[in-house]
Amino acid sequence: MNERLRKIRKEKSLNQEDFGKRLGVGKTAISKMELGTYQITDTMAKLICSEFGVNEIWLRTGEGGDENMFTKIPEDDRFALNLGKLGRTENDFIKNGINYLAESEPEKLKVIEEFMKACLGIK
């Protein structure tokens, strides 16, 4: 499981410190889990899967290979889950950004979409 944890972190382009912050643990804990010197608990495995959209069976067993790393959910469900996360945020940038997007004209949305894809490295 330690090697698969590293694959998730790398796939998400996060260093150990930032990955750990999202899970509520330090860089050292992530390092030890990746090295296999610290066992990944059931609670941590579930948190990893929830936070990063990882297929729990793949994390635990590697079943299905790397193409089975992430849980596949329909786009409408993905949108609803992400909207729920954003609705609970205290981050003013996110709140303002959602309002700006919702209130933008369609032609401006295309420009914003291309810019965001370029910034995030999305094709």
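Sequence order as written defines the numbering, with residues in each chain counted from 1. With pLDDT at 70 or above as the cut-off, local features in this predicted model cover only qualifying residues; side-chain atom pairs require 80 or more to be listed or tallied, and sums for whole chains, interfaces and linings still use all residues. To get the side-chain values, take all heavy atoms of the structure and skip hydrogens and water.

Description of the layout of surface pockets
Both site types are read off a 1 Å grid over the protein atoms alone. A 1.4 Å probe that fits but cannot get out defines a cavity, while an open set with protein on both sides within 12 Å along at least five of seven lines defines a pocket; lining residues have an atom within 4 Å of a point. Grid points are joined across faces, edges and corners, and a volume is the space filled by probe spheres set on the points. By volume, the largest pocket amounts to about 2,200 Å³. Considering the residues around the largest pocket, the lining is formed by 37 residues, among which Arg-78, Asn-82, Leu-86, Leu-120 and Ile-122 are closest to the centre. Each helix is a run of H or I in the DSSP string that is no shorter than four residues. Each strand is a run of E no shorter than two, and both are numbered from the N terminus. Counting residues per element, the ones that place at least two in the lining of the largest pocket are α4 (42-52), α6 (75-87), α7 (92-103) and α8 (106-120). Here the lining of the largest pocket gets nine residues from one element, more than from any other, and that element is α6. In the scheme used here, Gly and all other residues not listed as nonpolar or charged are polar, with Ala, Val, Leu, Ile, Met, Phe, Trp, Tyr, Cys and Pro taken as nonpolar and Asp, Glu, Lys and Arg as charged. Grouping the constituent residues of the lining of the largest pocket by class yields 19 nonpolar, seven polar and 11 charged.

Some points on the side chain of Thr-89
Looking at where Thr-89 falls in the secondary structure, it is placed in the loop between α6 and α7. Two N or O atoms count as a polar contact when they lie within 3.5 Å, although within protein this holds only if one can serve as hydrogen donor and the other as acceptor, and sequence-adjacent residues are included solely when both atoms are side-chain atoms. A distance of 3.0 Å separates the side chain of Thr-89 from the backbone nitrogen of Asn-91, its partner in a polar contact.

Here we look at the nonpolar core
Core analysis: the largest hydrophobic core is formed by 17 residues, its most contacted members being Ile-8, Phe-19, Ile-48, Phe-52 and Leu-59. Of all the secondary-structure elements, those providing two or more residues to this core are α1 (2-11), α2 (16-23), α3 (27-35), α4 and α5 (56-61). Considering each element in turn, this core owes the most residues, five residues, to α4. It only takes one pair of heavy atoms within 4.5 Å for two residues to be counted as in contact. Once residues within four sequence positions are removed from consideration, Ile-8 is found in contact with Phe-19, Ile-48, Phe-52, Val-54, Trp-58, Leu-59 and Met-69. To qualify as a nonpolar core, a set must consist of buried Ala, Val, Leu, Ile, Met, Phe, Trp, Tyr and Cys residues joined through side-chain atoms within 4.5 Å. Residue burial is assigned from relative accessible area. The probe radius is 1.4 Å, only protein chains are included, and a residue is buried under 20% of its type maximum, exposed over 50%, and partly exposed in between.

Quick look at unusual backbone geometry
For Ser-13, which is not a glycine, the phi torsion comes out positive at approximately 55°. If you trace the backbone, Ser-13 turns up in the loop between α1 and α2.

Topic: the pattern of salt bridges
One speaks of a salt bridge when a side-chain nitrogen belonging to Lys or Arg is within 4 Å of a carboxyl oxygen belonging to Asp or Glu. Tallied over the full model, the rule gives 11 salt bridges. The salt bridge involving Glu-56 is made with Lys-46; its shortest N-O contact spans 3.3 Å. With a gap of 10 residues between them, Glu-56 in helix α5 and Lys-46 in helix α4 connect regions that are remote in the sequence. Exposure remark for Lys-46: the relative accessible area of 48% places this residue in the partly exposed category. In this structure Glu-56 comes out as partly exposed when scored by relative accessible area, which is 26%.

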